[in-house]
Amino acid sequence: MNSLLPTDPELRQDWRLWQELWVRALRDGTAQHLAIDLYDQLHTWVGQAIKRGIDSGEFADCDVDATSTLLLALCDGFGIRLMLGDPKVGLDGAQAAIWGAIAPTVGVPPEFPTM
């Protein structure tokens, strides 16, 4: 999940590029298709990670597509607030909220794991 949030300078730069793409995609069909394709690839990557967790027994069986979509939506929403430096949303709170929302679906404890 940390690689889906702007947690370090490199990921913040990636987020800047994503945000630029989102804005451009609203007014340019080619950029829109690119954004959709990149989201498809990201969705597949997240889904594969969830599937590996299910296969290894770390996660409960779940709807991988729906869980991937929810995880990406939560990361997008919290990531924007983190990029803005919103004082109401910090990284620890974002991680805890995202994990807490996904944990019941994948059958893990709701507390964000310490690394």
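Here's a quick rundown of the structure. Everything numeric here is computed off the predicted structure, so don't read it as measured data. Position numbers for residues count from 1 along each chain, tracking the sequence in the order it is written. The predicted nature of this model means local features are confined to residues of pLDDT at least 70 and side-chain atom pairs, given and counted, to a pLDDT of 80 or more, with totals for whole chains, interfaces and linings taken over all residues. Where side-chain values are given, they derive from all heavy atoms of the structure, hydrogens and water being excluded.

## Structural notes on helix α3 (residues 64-84)
Keep this limit in mind: Put simply, DSSP marks the helices as runs of H or I at least four residues long and the strands as runs of E at least two long, and each gets a number from the N terminus on. Here the expected length of a helix is defined as 1.5 Å per residue gap, with one fewer gap than residues. Only protein chains enter the accessibility calculation, which uses a 1.4 Å probe. A residue is then buried if its area is under 20% of the maximum for its type, exposed if over 50%, and partly exposed in between. Throughout, a residue-residue contact means that at least one pair of heavy atoms, one from each residue, lies within 4.5 Å. Here a polar contact is taken to be a pair of N or O atoms separated by no more than 3.5 Å, where protein atoms must pair a possible hydrogen donor with a possible acceptor and residues adjacent in sequence count only if both atoms sit in side chains.
In a regular helix each residue adds 1.5 Å, so 21 residues correspond to 30 Å; α3 covers 30 Å between its end C-alpha atoms and thus fits that length. Buried within α3 we find Val64, Thr67, Ser68, Leu71, Leu72, Leu74, Cys75, Asp76, Gly79, Leu82 and Met83. Against the buried residues of α3 lie α1 (9-25), α2 (29-56) and α4 (91-106). With a side-chain oxygen lying 3.2 Å from the backbone nitrogen of Asp65, the N-terminal cap of α3 falls on Asp63.

## Here's the deal with α1
With 17 residues, α1 should reach 24 Å at 1.5 Å per residue; the first-to-last C-alpha distance of 24 Å fits that figure. In this structure, the buried residues of α1 make contact with α2 and α3. If you check the start of α1, you find a side-chain oxygen 3.1 Å away from the backbone N of Glu10, and it comes from Asp8.

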